[in-house]
Amino acid sequence: MTANKTNDVSASSPVGVFDSGVGGLTVLRELTRILPCEDFIYYGDVKNAPYGALSHDEIRRRSLEIAGELIGMGAKAIVVACNTATAAAVEAMRAAYPQIPIIGTEPAVKPAADAGHRHILVLATPVTVAEERFSALIHSRCGTAEVIAVPCPGLATMIEEGHTSDELICKYLDGIFAPLRGKFDAVVLGCTHYPLARVAISRAAGGDIPVYDGAAGTARQAARRISGSGLGAPGDKHGSVRFLSSGDAGKIGAFYEGICHEA
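In this text the structure is predicted, and so the values were computed from the model without any measurement.

1. So, the pattern of salt bridges
If you walk through the whole model with that rule in mind, you get 12 salt bridges. The residue Lys76 makes a salt bridge to Glu38 at a minimum N-O spacing of 2.6 Å. Placement of Lys76 in the loop between α2 (56–72) and β3 (77–80) and of Glu38 in the loop between α1 (25–34) and β2 (40–44) is noted, with a sequence separation of 38 residues between them. For the pair Lys76 and Glu38, a shared accessibility class is recorded, and that class is buried. Linking Arg198 and Asp213 is a salt bridge whose minimum nitrogen-to-oxygen distance equals 2.1 Å. Taken together, the positions of Arg198 in helix α9 (residues 198–205) and Asp213 in strand β8 (residues 211–213) put the pair 15 residues apart, joining distant regions of the chain. For Arg198, a relative accessible area of 28% corresponds to the partly exposed category.

2. Comments concerning the nonpolar core
Core analysis: the biggest nonpolar cluster contains 51 residues, and Leu123, Phe177, Val187 and Tyr194 have the highest contact counts within it. Sorting elements by how many residues they give to this core places helix α10 (residues 215–228) first, with 5 residues. Setting aside residues no more than four positions away along its own chain, Val187 makes contact with Leu121, Leu123, Phe177, Ile201, Ala205, Ile209, Pro210, Val211 and Tyr212.

3. Overview of the confidence of the model for the protein
Of all residues in the protein, 97% attain a pLDDT of 70 or more, and the chain-wide mean is 94. Low confidence marks residues 1–6, where pLDDT is under 50. Its contacts with residues over four positions away, or in another chain, come to 13 contacts.

4. Here's the deal with the side chain of Lys76
Accessibility expressed as a relative area gives 0% for Lys76, which makes it buried. From its side chain, Lys76 meets the backbone oxygen of Ala11 in a polar contact 2.7 Å long. For Lys76, the side chain forms a polar contact with the main-chain oxygen of Ser13, separated by 3.4 Å.

5. Quick look at the sheet that holds β3
Here we have 5 strands laid out as an open sheet, ordered β4-β3-β1-β2-β9, and parallel in their pairing. Each end of this open sheet is capped by a strand with a single partner; those strands are β4 (102–103) and β9 (241–245). For β2 and β9, the ladder comprises 5 bridges, and the chain directions are parallel. Note that in β9 the partner of Tyr43 across the bridge is Leu244. Against the sheet, α2 makes contact with β1 (15–19), β2 and β3, and its axis sits at roughly 155 degrees relative to β1, the strand it touches most.

Scoring rules and cut-offs
- Residues numbered from 1 in each chain as written.
- Predicted model: local features only at pLDDT ≥ 70, side-chain atom pairs only at ≥ 80, totals over all residues.
- Heavy atoms only, no water.
- Salt bridge = Lys/Arg side-chain N within 4 Å of Asp/Glu carboxyl O.
- Helix = DSSP H or I, 4+ residues; strand = E, 2+ residues; numbered from the N terminus.
- Buried < 20%, exposed > 50% of the residue type's maximum accessible area, 1.4 Å probe, protein only.
- Core = buried A, V, L, I, M, F, W, Y, C linked by side-chain atoms within 4.5 Å.
- Contact = heavy atoms within 4.5 Å.
- pLDDT = per-residue confidence, 0-100.
- Polar contact = N/O pair within 3.5 Å; in protein donor to acceptor, adjacent residues only side chain to side chain.
- Pairing = 2+ DSSP bridges.
- Axes fitted to C-alpha atoms, helices over the stretch in contact; angles between N-to-C directions.

Okay, structure coming up:
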């Protein structure tokens with residue numbers, strides 16, 4: 001569908017949310033909790049998942065296409081529920097579609113630093129770690145805390161395929177953490193897929209090490225931006241969620257119901 005850059009939106013228009021697959025559902029869950037009156041359209045680009053395996057230009061192109069589709073469907077705001085797409089494409093999206101708020105997702109390094117942690121391990125996709133936006137975030141948000149950025153190739157794919165707590169992912173995570181033990185006092189999940197494997201990550205990191213993710217912060221920022229634009233849904237409205245996908249939208253909807261029941 002082609003976007004209409006001049007389409008009118010109102011307080012009753014939906015909020016568009018997208019990710020390469022199921023990872024962004026962790027953000028959607030927080031959005032529906034904080035903004036229960038809003039309607040959401042969630043797009044999972046499963047045919048191109050995970051974005052961490054694509055090039056910068058491919059991620060940028062696909063992100064612009066999806067944003068255009070959601071805006072063409074009347075979205076009053078876009079939440080980029082993907083750290084990799086945020087790092088590679090959010091500024092291009094804002095330039096292309098300046099008429100609506102576009103909210104990105106960033107690793108929760110500032111909350112970790114504000115909590116007093118001095119050695120923060122950030123797990124992220126290789127694309128996220130390589131992007132200038134990620135480096136700028138670290139320099140501007142972490143003060144004097146040391147940040148150890150660890151690219152995790154293949155981890156999002158494993159999680160997308162359902163490996164969240166089995167032997168395969170546990171072995172992978174042990175390999176990530178083994179050479180770093182004793183060098184960090186907090187872990188930040190820099191990919192929206194990773195909270196789906198939080199139990200396995202926490203176990204591999206060490207049960208006493210706190211684990212942070214940015215889903216709640218992204219949802220709060222979205223609420224501020226939507227409200228600040230005068231586009232908040234009426235308070236007596238009951239919100240809904242619609243699932244779309246480049247693959248099987250029904251599977252994404254079922255996955256979402258599962259993680260909501262687990263919460």
